[in-house]
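Given next are the chains, with one letter for each unit.
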Amino acid sequence: MVLELGNISITQEEIEELARRVRLKILHEDDDIVLMTAPNEDQLASIIKELISIKPLNLREIHAILSGIASEDKIRRALNNLLESGEAYINSEGRYLST
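What counts and what doesn't
Residues numbered from 1 in each chain as written. Predicted model: local features only at pLDDT ≥ 70, side-chain atom pairs only at ≥ 80, totals over all residues. Heavy atoms only, no water. Salt bridge = Lys/Arg side-chain N within 4 Å of Asp/Glu carboxyl O. Helix = DSSP H or I, 4+ residues; strand = E, 2+ residues; numbered from the N terminus. Buried < 20%, exposed > 50% of the residue type's maximum accessible area, 1.4 Å probe, protein only. Patch = residues over 30% accessible without salt bridge, like charges linked within 9 Å, V, L, I, M, F, W, Y side chains within 5 Å. Areas by Shrake-Rupley, 256 points an atom, 1.4 Å probe, with all protein chains shown as cover. Lys, Arg positive; Asp, Glu negative; His and termini not counted. Charge placed at Lys NZ, Arg CZ, Asp CG, Glu CD.

I would appreciate a short explanation of the pattern of salt bridges in the present structure.
A side chain of one charge can pair with a side chain of the opposite charge if their charged atoms are brought near each other. Using the criterion set out here, one finds four salt bridges in the structure. Between E61 and R95 there is a salt bridge; the shortest N-O distance is 2.4 Å. Taken together, the residues E61 in helix α3 (residues 59-65) and R95 in the loop between β5 (88-90) and β6 (96-98) connect sequence positions 34 residues apart. Residue classification places E61 among the buried residues on the basis of a relative accessible area of 0%. Between E72 and R76 there is a salt bridge, with the nearest N and O atoms lying 2.6 Å from each other. Of this pair, E72 and R76 are both found in helix α4 (residues 72-84), four residues apart, which corresponds to roughly one turn of the helix. According to the relative accessible area criterion, E72 is partly exposed, its value standing at 33%. Classification of R76 as partly exposed rests on a relative accessible area of 38%. One connected set of salt bridges, linked through shared partners, spans E61, E93 and R95.

Which parts of the structure should I look at to understand a negative patch on the surface?
A cluster of acidic residues, E29, D30, D31 and D32, forms a negative patch on the protein surface. One can find D30 in the loop between β3 (26-29) and β4 (34-36). On the accessibility criterion, D30 (37% relative accessible area) is partly exposed.

Looking at this structure, I do not really get the environment of Q43. What am I missing?
By secondary structure assignment, the location of Q43 is in helix α2 (residues 41-54). A sequence separation of 19 residues divides Q43 from L24, and the C-alpha atoms of the two residues are 8.8 Å apart.

This is the structure in structure tokens:
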């Protein structure tokens, strides 16, 4: 199933696979719950850079992958920092890619 919400065109399986690649410090884990720390700004930028090196993504797709981990504002700030430092760029379709 491909999600077609606004400018999101990514499958649920892709969202789940990319979300599994996000590594956060686990504070507690049992059969019912996994408790992790939220990423700081540098960690978030690193996570986003890794995601966009795997697959070009737009802001909404990145937010769908990182929902519950980071707000759209924090994601936007991290993306702007990556753009300013030359570590990422935007293609003609509005997707972010790692340099």
